[in-house]
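# What the coordinates show
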Amino acid sequence: IVLPKLKTLGDCAFHFAGKLKTFNAPSLVKVGDSCLEFAYDLEEINAPNLEEVGNNFANDSQVVSKIYMPSLKIVGDSFFNHNTWVDKIDFPNLKVIGDRFFSINEIIDSVYLPRVERIGDYFLCKNTDVKNLDLPYLISAGKNFAERMQIESIDFPSLTIVGDDFMADNTEAKSVNAPCLK
């Protein structure tokens, strides 16, 4: 689908759009809840001006492998939850992340979120292949942050708040540096 001039997409747009392969919305700025949720055949999303998405965006859209949303700043809960084909996460302008961000995605190996300040619960939970995680501006991480990851060394230079079970079951962790954490 191509939506060249659309600026806003309301709740449940393209919900259960089972045969949708590509989503191209170059002018899109804001998306409501449950958009593209259960779009099982969705492979590619191109929304270069998208800044904010609601809850359940592309939740259970299991084959998305190409995501281009460089302007994204805020995402709600269950953003790409249960998506098994994404191997790299790259959102250079993202600042606020809700709960269950890319949770239960088994092949992610690289995460680039250089401006993120706040992360909800279950961030990248059960993503055992993540080896590179860079969050230099992270201030607050919710419960079960990075649960079951296999990261050997990580720095959190700005982190001041963590939830329960922070980095639980991360058996490879040898070095965690969080100088602002009290």
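See the structure printed just above.
These remarks concern the structure in this document.

Criteria and cut-off values
- Residues numbered from 1 in each chain as written.
- Predicted model: local features only at pLDDT ≥ 70, side-chain atom pairs only at ≥ 80, totals over all residues.
- Heavy atoms only, no water.
- Pairing = 2+ DSSP bridges.
- Helix = DSSP H or I, 4+ residues; strand = E, 2+ residues; numbered from the N terminus.
- Axes fitted to C-alpha atoms, helices over the stretch in contact; angles between N-to-C directions.
- Salt bridge = Lys/Arg side-chain N within 4 Å of Asp/Glu carboxyl O.
- Buried < 20%, exposed > 50% of the residue type's maximum accessible area, 1.4 Å probe, protein only.
- Core = buried A, V, L, I, M, F, W, Y, C linked by side-chain atoms within 4.5 Å.
- Contact = heavy atoms within 4.5 Å.
- Phe/Tyr/Trp six-rings, centres within 6.5 Å; stacked < 30°, edge-to-face > 60°.

Here 3 strands make up an open sheet; going across it, the order is β2-β4-β6 and the pairing parallel. Looking at strand neighbours, the two that pair on one side only are β2 (22-24) and β6 (66-68), the edges of this open sheet. On average, each strand axis in the sheet is inclined to that of its neighbour by 5°, with strand direction left out of account. With 3 bridges joining them, β2 and strand β4 (residues 44-46) adopt parallel strand pairing. Following the sheet pairing, Phe23 is matched in β4 by Ile45.

Tallying each qualifying case throughout the model produces 3 salt bridges. Two residues, Lys21 and Glu43, come together in a salt bridge whose shortest N-O distance is 3.8 Å. Here the residue Lys21 occupies a position in the loop between β1 (8-9) and β2, and Glu43 occupies one in the loop between β3 (30-31) and β4, the gap between them amounting to 22 residues. The salt bridge involving Lys174 is made with Glu152; its shortest N-O contact spans 3.9 Å. In this pair, Lys174 sits in the loop between β15 (161-162) and β16 (175-177) while Glu152 sits in the loop between β13 (140-141) and β14 (153-155), placing the two residues 22 residues apart along the sequence. In this structure Lys174 comes out as exposed when scored by relative accessible area, which is 68%.

So, on to the nonpolar core. Ranked by size, the top nonpolar core spans 52 residues in total, and within it Phe57, Phe79, Phe101, Leu113, Leu133 and Phe145 carry the most contacts. Discounting chain neighbours no more than four positions away, the residues touching Phe79 are Val53, Phe57, Met69, Leu72, Phe91, Asp99, Arg100, Phe101 and Phe102.

Across the sheet, 8 strands lie side by side as β1-β3-β5-β7-β9-β11-β13-β15; this open sheet has parallel pairing. In this open sheet, the two edge strands, each paired with only one partner strand, are β1 and β15. For strand β7 (residues 74-75) and strand β9 (residues 96-97), the ladder comprises 2 bridges, and the chain directions are parallel. Residue pairing in the sheet places Ile74 in a bridge with Val96 of β9.

What follows is about the packing of aromatic side chains. Counted according to the given criterion, the structure contains 18 aromatic pairs. Consider the rings of Phe16 and Phe38, whose centres lie 4.6 Å apart with planes at 20°: the pair is stacked. Residue Phe16 is located in the loop between β1 and β2, and its partner Phe38 is located in the loop between β3 and β4; the two are separated by 22 residues in the primary sequence. Phe38 sits in the buried class, given a relative accessible area of 18%. Aromatic side chains Phe38 and Tyr40 sit 6.1 Å apart centroid to centroid with 50° between the ring planes, which places their arrangement in the tilted category. Owing to a relative accessible area of 35%, Tyr40 belongs among the partly exposed residues under this scheme. Linked through ring pairs, Phe57, Phe79, Phe80, Phe91, Phe101, Phe102, Phe123, Phe145, Phe156 and Phe166 together constitute an aromatic cluster.

A few words now on unusual backbone geometry. The phi torsion at Leu36 lies on the positive side, around 60°, for a residue other than glycine. Assignment of secondary structure puts Leu36 in the loop between β3 and β4. Leu36 gets classed as buried once you look at its relative accessible area, which sits at 0%. The backbone of Ser78 sits at a positive phi, close to 55°, despite the residue not being glycine. Along the chain, Ser78 turns up in the loop between β7 and β8 (88-90). With a relative accessible area of 4%, Ser78 lands in the buried category.

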